[in-house]
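# Structural overview
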Amino acid sequence: MDEPRATEDPGKAAGLTSAQVLSLLEPDQLVSAKRHHFGRRTAVPWQTVAFWILRVYWVAVLVVAVLAAMRAIKG
Amino acid sequence: MRSTSAPGLVTHEDRDRARDRLSLRRAYQTRGPRRWLWLLWLSIGPGILVMLGENDAPSMLSYAATGSRFGIGFFLPFIAITFVMAVVVQEMAMRIGAVTHRGFSELMADRFGGMWGGLLLTDLMFGNLLTLITEFIGIRAGLGYFHVPPVVAVSAAIVVIGVAITTGRYWTWERLIMALAVFNAVFVPIAILAHPAWSQVASAMVQFSPIPAWNTNTVLILVADIGATVTPWMIFFQQAAVADKGLTPADIHRGRFDTVLGAVLAAAFGMAAVVATSTLFSHGISLHNYQTANFASALRPFVGRIGASLFALGIVEAGLVAAIAISTASAYAFAEVRGQSRSLNRPLKEAWSFYLTLIGVAMVAGAVVLIPHIPLELVVLLVNVVAVLSTPPIFLFLLLLANDRQVMGEWVNRGWQNAASVIVGALITLAGLLFAVSVLDPRLI
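Residues numbered from 1 in each chain as written. Chains lettered and ligands numbered in written order. Predicted model: local features only at pLDDT ≥ 70, side-chain atom pairs only at ≥ 80, totals over all residues. Heavy atoms only, no water.

## Topic: the overall build of chain A
Applied cut-off: Only runs of H or I of at least four residues qualify as helices and only runs of E of at least two qualify as strands under DSSP, and these elements are numbered from the N terminus. Three exposure classes are used, based on accessible area relative to the maximum for each residue type with a 1.4 Å probe and protein chains only: buried under 20%, partly exposed in between, and exposed over 50%. Here the accessible surface of atoms and residues is derived via Shrake-Rupley with a 1.4 Å probe, and residues count as covered only by protein chains that are part of the display.
Check the secondary structure of chain A and you find 3 helices and 0 strands. Looking at chain A residue by residue over its 75 residues, the buried ones come to 37%. If you sum the accessible surface of chain A, you get close to 4700 Å²; carbon and sulfur atoms cover 66% of it.

Written out as C-alpha cells, the structure reads:
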C-alpha cells in the first residue's frame, strides 16, 4: 500500500508519456532509482575521532537536558 | 555524484515532478525579461518557507520581548547577522538536496550508518514535537486574544494542516503555505503604526549600538536569537523539500536566491517585531512574560486596536506556518530512514504512513497544549535546550556531506564556503556551550 505504484502509463494521464517523464527527470531523480543507496563512507582518522567526541557530546547533552528539566520542575 | 540507468518504472510521483520540470523547461525556452522572473517563480519555495517558518511563534515572541526589554539597538542588526548564519547553513542543505535528490536523514543513514541516522532522527522527532507544542501554544494564545476557545483554536490549526496535505501535489502545497507565510509581513505595518524613531533604527543598524550590559539575560537572548535562526528541523526540511520539488544542479543558483530572499524577508519581519515592541521600552514598559495577549494588549495604546489585532494574528500565522513546516520535516525524516514513500506528490492512499506521521505529530502536539495544568514553561525551556545543543552535531554531518565528493561531485563546498561554515559552526557551538553553562550554573556567565 505504501510502495510506489506504477500505473499503466501515468505520464500519459498528465499529457506526458512515460518516455517524456524519463527525459524530463534526471536518472537518479526517479522513485525507482532512489532505492539504490550511496553506501557507507570510509571515515578518515580525524573523522573517527570527531565521531567519538560526538558520542561523548550526546551523553553530556542528555545530562544537561535532564538537569534543565529537573530544575524547571523544582521551580 | 552517482549516476544510475533510468529504470522503466514511472510512478505518479515521477509524473508530477516531471510536470514541474516541464514548466521549468518551457520557462527556459522563453525569451525576454519575463524569462528570469518566470524561472524564479517556478524555482522559489523551500528557502522562503524554511526561513519564514523559522520566524515561528516563539521566535516572534522572543523578538518582541527583545524590543520591549532593550529597545532599538544592538539586537536589531544582530538579528540580520543570525540570518546570514542561517543562509550559510541552509544553502548547503539546498545544494545537497538538488544534487542528490535525497533528504538529509536518508543520506545520513546511507553515508554514516544507521546508528547516526537513528540517533539524529530520534533527536529531531523529539525536538520537533516539543517545538510543535510551542507553536500550538502561540496559536492558542494568538487566537485567545480574540476570545477563541483553545480547543477551537488548536482544532482549526490541525484542520488547516490536514487540508494542505490533501492536495496530493507538492507544488500546490508549497504555494498554499507560501501564501499563508506572506502574512508574516504583518509585523511591518505594526512597526510603522508604533511610530519609531527611524533615525535611531538606521543608527542602530550601522553602529550596532547601544550595546546592552553583559549579563545572563543578555547572553540568553543572544543564544536564543542564534537558536531561533539555525535549528535542526530547517536542515531536514529544506533538503527534503528541494528533493521533493525536483530541483537539480541547474537550479542551484536560483535555489540560493530563494534561500537569501527568504532570509531577507524573515530578518526584515523579525526586526519589525523588535521595532514594534521597542515603543514599550521607550515608555518604560518591560514585559518579561512572553504571552501573546500581553504584548498585544500592551501595544494597543500605541498601535491601536488594529495594530494589536494584527500582532495577535501575526503570532497565529507564525505558529501555523511553522507547525506545517515542522510536521512536514518530521514526516520526511521519519519516512526517509524507514525507506517509505516520502513525497507530497503522492496521493494519500499511496503514502498513508507519510501523511499519518505528518498529521499525527501535529495532533499529538495540539493535544498536549490542551491538557489542563501542563507545565508549558518546562516545554519551552526543553525546546531551547534540545534545539541549541543538538544543532552542532547535525551541522557537522551537514558539513561532511557538503564536502563528500562521492555524493556531491563538482558541487562540494568551496574553500570560502568551508571557511564561512567553520565560523558559523563555532558560533553555534559557542551558543550551545553558553546555554549549557547557563542551565548548569547561571552565575558562571
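Next comes the rest of the account.
## Notes on helix 4 (residues 57–70) of chain B
All names here are of chain B. As a reminder, the rule being used: Expected span of a helix: the number of residues minus one, times 1.5 Å.
Compared with an ideal rise of 1.5 Å per residue, which puts 14 residues at 20 Å, helix 4 spans 20 Å between its outermost C-alpha atoms and is within 8% of the ideal. With 13 of 14 residues buried, helix 4 lies mostly within the body of the structure. Among the residues trailing helix 4, Gly71 stands out with phi positive, at a value near 70 degrees.

## Some remarks on the interface of chain B and chain A
Here is the rule: Contacts are assigned to residue pairs with any non-hydrogen atoms lying within 4.5 Å of each other. What gets called buried area is simply the loss in accessible area from a 1.4 Å probe that two parts show on being joined, summed for both. Salt bridges are identified by distance alone: a Lys or Arg side-chain nitrogen within 4 Å of an Asp or Glu carboxyl oxygen. What qualifies as a polar contact is a pair of N or O atoms within 3.5 Å, subject to a donor-acceptor requirement within protein and to the restriction that residues adjacent in sequence count only when both atoms come from side chains.
Facing the 64 residues of chain B at the interface are 50 residues of chain A. Carbon and sulfur atoms supply 64% of the area buried between chain B and chain A, which totals about 5500 Å² over both sides. Where chain B meets chain A, there are 1 salt bridge. On the surface where chain B and chain A come into contact, there are 12 residue pairs in polar contact (both at pLDDT 80 or more). Listing elements by their share of the side of chain B that touches chain A, those giving two or more residues are helix 1 (12–29), helix 5 (75–100), helix 6 (104–112), helix 7 (114–144), helix 16 (352–370), helix 17 (376–402), helix 18 (405–408) and helix 19 (415–440) of chain B. Here the side of chain B that touches chain A gets 11 residues from one element, more than from any other, and that element is helix 17 of chain B.

## Brief notes about the environment of Ile137(B)
Residue and element names in this part refer to chain B. Tracing the backbone through its elements, the reader meets Ile137 in helix 7. For Ile137, a relative accessible area of 14% puts it in the buried group. Considered as a pair, Ile137 and Val99 are 38 residues apart in the sequence and their alpha carbons are 37 Å apart. Excluding residues within four positions of it along the chain, Ile137 makes contact with Val369, Leu376 and Val380.

## Concerning the side chain of Ser327(B)
Residue and element names in this part refer to chain B. Residue placement: Ser327 occurs in helix 15 (residues 292–338). The buried category is assigned to Ser327, whose relative accessible area is 0%. Side-chain polar atoms of Ser327 contact the backbone oxygen of Ala323, separated by 2.6 Å. Those residues in contact with Ser327 that sit more than four places away from it in its chain are Leu132, Ile161, Leu358, Val361 and Ala362.

## Some words on the nonpolar core
To be explicit about the condition: By nonpolar core we mean a set of buried residues, namely Ala, Val, Leu, Ile, Met, Phe, Trp, Tyr and Cys, connected to one another through side-chain atoms within 4.5 Å.
Formed by 164 residues in total, the largest nonpolar core has its most connected members in Phe104(B), Phe136(B), Trp173(B), Phe311(B) and Phe397(B). Here this core gets 23 residues from one element, more than from any other, and that element is helix 15 of chain B. Contact partners of Phe136(B), with chain neighbours within four places excluded, come to Val154(B), Ala157(B), Ile158(B), Ile161(B), Ala362(B), Ala365(B), Gly366(B) and Val369(B). Val21(A), Ala33(A), Val10(B) and Ala18(B) belong to the second largest nonpolar core, which has 9 residues in total.

## Thoughts on a nonpolar patch on the surface
Short version of the rule: Patch building starts from residues that exceed 30% relative accessible area and form no salt bridge, then joins like charges within 9 Å and nonpolar side chains (Val, Leu, Ile, Met, Phe, Trp, Tyr) within 5 Å.
A surface patch of nonpolar side chains, about 290 Å² in accessible area, is lined by Leu62(A), Val66(A) and Met70(A). Here Val66(A) shows up in helix 3 (residues 45–74).

## Examining unusual backbone geometry
Residues apart from glycine generally show negative phi values, whereas peptide bonds are mostly found in trans. Residue and element names in this part refer to chain B. Between Ser209 and the following residue, Pro210, the backbone shows a cis peptide bond with an omega angle of 0 degrees. Although it is not a glycine, His147 sits at a positive phi angle of roughly 65 degrees. Tracing the backbone through its elements, the reader meets His147 in the loop between helix 7 and helix 8 (150–165). By relative accessible area, His147 is classed as exposed at 72%. Positive phi is not limited to glycine here, since Phe208 has a value of about 50 degrees. By the secondary structure assignment, Phe208 is in the loop between helix 11 (198–207) and helix 12 (216–229).

## Some words on the packing of aromatic side chains
Applied cut-off: A pair of aromatic rings is counted whenever rings of Phe, Tyr or Trp (Trp by its six-membered ring) have centres within 6.5 Å, and the orientation is called stacked for planes under 30 degrees apart, edge-to-face for over 60 and tilted otherwise. Each ring is checked for a lysine NZ or an arginine CZ that lies within 6 Å of its centre and within 35 degrees of its normal; such an atom marks a charge sitting over the ring.
A full pass over the atoms with the stated rule returns 21 aromatic pairs over all chains. Aromatic side chains Phe74(B) and Phe78(B) sit 5.5 Å apart centroid to centroid with 25 degrees between the ring planes, which places their arrangement in the stacked category. Take Phe78(B): its relative accessible area is 11%, and that puts it in the buried class. Consider the rings of Phe295(B) and Phe311(B), whose centres lie 6.0 Å apart with planes at 45 degrees: the pair is tilted. Looking at Phe295(B), the relative accessible area reads 0%, which means it is buried. An aromatic cluster of at least three residues, connected via ring pairs, comprises Phe70(B), Phe74(B), Phe75(B), Phe78(B) and Phe208(B). The ring of Trp52(A) has Arg55(A) lying over it, and the distance from NZ or CZ to the ring centre is 4.3 Å. Geometry around Trp41(B) places Arg175(B) over its ring, the cationic atom sitting 4.2 Å from the centre.

## Section: helix 16 of chain B
Its 19 residues place the ends of helix 16 of chain B 26 Å apart at the C-alpha level, agreeing with the 27 Å of an ideal helix rising 1.5 Å per residue. Restricting attention to buried positions, one finds in helix 16 of chain B the residues Ser353(B), Phe354(B), Tyr355(B), Thr357(B), Leu358(B), Ile359(B), Val361(B), Ala362(B), Ala365(B), Gly366(B), Val368(B) and Val369(B).

## What about the environment of Met51(B)?
Residues and elements named next belong to chain B. Relative to the helices and strands, Met51 is located in helix 3 (residues 46–54). A relative accessible area of 0% places Met51 in the buried class. When the C-alpha atoms of Met51 and Thr100 are compared, they prove to be 22 Å apart, with 49 residues separating the residues in sequence. Setting aside anything within four residues of it in sequence, one finds Met51 in contact with Phe83, Ala86, Val87, Gln90, Met234, Thr259, Gly262, Ala263 and Ala266.

## Brief notes about the confidence of the model for chain B
All names here are of chain B. What counts here: Per-residue confidence from the predictor is reported as pLDDT, a score between 0 and 100.
Looking at chain B, pLDDT values average 90 and 96% of them are 70 or higher. Taken together, the stretch residues 1–7 has pLDDT below 50 and engages in 24 contacts with residues farther than four places along the chain or on a different chain. Both scores are available for the predicted complex, with the pTM at 0.91 and the ipTM at 0.79.

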